[in-house]
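Here are the chains, one letter per residue:
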Amino acid sequence: MKDIENRQDLEALMVSFYSVAIIDEVIGHFFTKVVPLDLDKHIPLITDFWETVIFDKAAYRGNVFGVHENIHTLFAFEDKHFERWVALFKQTVDELFSGSNAEKIKQRGESIATVMRIKLVHSVTDFKK
Ligand code: HEM
């Protein structure tokens, strides 16, 4: 199995991850009902995000925490949602890739999810401050 080496690999990973996430019984509704996603737009954006995180490319200029804070006001996130996201994310990476970037993306995914979870589910402070 090869490692994640370029944008194309990240995109393949995202296509795979969302194909599972959108039909998942624990978190699928976020992508289909809370914020119905147009995957043709979302996949390039999320691939930009991971290119920035994994390859230090200045591709993503959004506000990932602000976006999830908005989602939280529409349908409250719970621990179980983030736990599921992390499990599916790691599982998808492991099915497709192996190597240092595969390890890095699992680690970064989990740590960003943990920060989101603590700020949204367990904190009273305003996310945007
Ligand atoms: C329970 C876990 C999560 C759920 C249900 C979820 C759901 C969503 C949804 C519905 C959107 C679309 C929002 C919109 O277009 O208005 C979105 C956007 C996004 N998510 Fe998540 N998310 C989760 C966790 C994460 C984590 C842990 C990360 C990063 C490691 C992440 C990264 C992103 C990015 C980069 C976007 C695009 C933001 C933008 O529009 O600039 N998400 N998410």
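Computed from a predicted model, the values in this text were never measured in an experiment.

### As for the environment of Gly28
Note that Gly28 resides in helix H2 (residues 28-34). In this structure, the C-alpha to C-alpha distance between Gly28 and Tyr18, residues ten residues apart in sequence, is 9.2 Å. Here Gly28 is in contact with Ala21 and Ile22, once residues within four sequence places are set aside.

### Points about the coordination of the iron atom of the ligand
Just one protein atom donates to the iron atom of the ligand; it is His68 (NE2), sitting 2.0 Å from the metal. For His68, the position within the fold is in helix H4 (residues 64-74).

### Remarks on helix H5 (residues 79-96)
The terminal C-alpha atoms of H5, which comprises 18 residues, lie 26 Å apart, in line with the 26 Å expected from a rise of 1.5 Å per residue. Those residues of H5 that fall on the buried side of the exposure criterion are His81, Phe82, Val86, Leu88, Phe89, Thr92 and Val93. Elements in contact with the buried residues of H5: helix H1 (7-21), H2, helix H3 (39-55) and helix H6 (100-121).

### Section: the site of the ligand
Around the ligand, 21 residues are found, and the nearest of them are Phe31, Leu45, Ile46, Tyr60 and His68. At 2.6 Å, a side-chain N or O of Tyr60 approaches an oxygen atom of the ligand. In this structure, a nitrogen atom belonging to the ligand sits 2.8 Å away from a side-chain N or O atom of His68. For the shell around the ligand, the secondary-structure elements that each account for two or more residues are H2, H3, H4, H5 and H6. With five residues, the single largest contributor to the shell around the ligand is H3. Of the residues contributing to the shell around the ligand, the split by class is 18 nonpolar, three polar and no charged.

### As for a nonpolar patch on the surface
Side chains of Val35, Leu74 and Phe75 sit close together on the surface and give an oily, nonpolar patch of about 260 Å² of accessible area. Mapping Leu74 onto the fold places it in helix H4. Residue classification places Leu74 among the exposed residues on the basis of a relative accessible area of 59%.

### Topic: the pattern of salt bridges
Here the structure, examined in full by the defined rule, presents eleven salt bridges. Asp24 is the partner of Arg84 in a salt bridge, and the nearest nitrogen-oxygen pair spans 2.8 Å. With a gap of 60 residues between them, Arg84 in helix H5 and Asp24 in the loop between H1 and H2 connect regions that are remote in the sequence. Here Lys106 ties to Asp94 by a salt bridge, and the two come within 2.7 Å at their closest N and O atoms. Here the residue Lys106 occupies a position in helix H6, and Asp94 occupies one in helix H5, the gap between them amounting to twelve residues. We classify Lys106 as buried; its relative accessible area is 12%. Each member of the salt-bridge network shares a partner with another, and the members are Arg7, Asp48, Glu51 and Lys57.

### Points about H6
Between its terminal C-alpha atoms H6 stretches 31 Å, which fits the 32 Å expected from 22 residues at 1.5 Å a residue. Considered for burial, the residues of H6 that qualify are Asn101, Ala102, Ile105, Lys106, Gly109, Ile112, Ala113, Met116 and Leu120. For H6, the angular spread of the buried residues around the axis is 140°, confining them to a single face. Of the residues in H6, the exposed ones pointing more than 90 degrees away from the buried face are Ser100 and Gln107.

Rules and cut-offs
- Residues numbered from 1 in each chain as written.
- Predicted model: local features only at pLDDT ≥ 70, side-chain atom pairs only at ≥ 80, totals over all residues.
- Heavy atoms only, no water.
- Helix = DSSP H or I, 4+ residues; strand = E, 2+ residues; numbered from the N terminus.
- Contact = heavy atoms within 4.5 Å.
- Donors = N, O, S within 2.8 Å, 3.2 Å for Na, K, Ca; no water.
- Expected span 1.5 Å × (residues − 1).
- Buried < 20%, exposed > 50% of the residue type's maximum accessible area, 1.4 Å probe, protein only.
- Near = heavy atom within 4 Å.
- Polar contact = N/O pair within 3.5 Å; in protein donor to acceptor, adjacent residues only side chain to side chain.
- Nonpolar A, V, L, I, M, F, W, Y, C, P; charged D, E, K, R; others polar.
- Patch = residues over 30% accessible without salt bridge, like charges linked within 9 Å, V, L, I, M, F, W, Y side chains within 5 Å.
- Areas by Shrake-Rupley, 256 points an atom, 1.4 Å probe, with all protein chains shown as cover.
- Salt bridge = Lys/Arg side-chain N within 4 Å of Asp/Glu carboxyl O.
- Arc of directions from axis to C-beta.

All quantities given are derived from atomic positions and should not be read as evidence of function.
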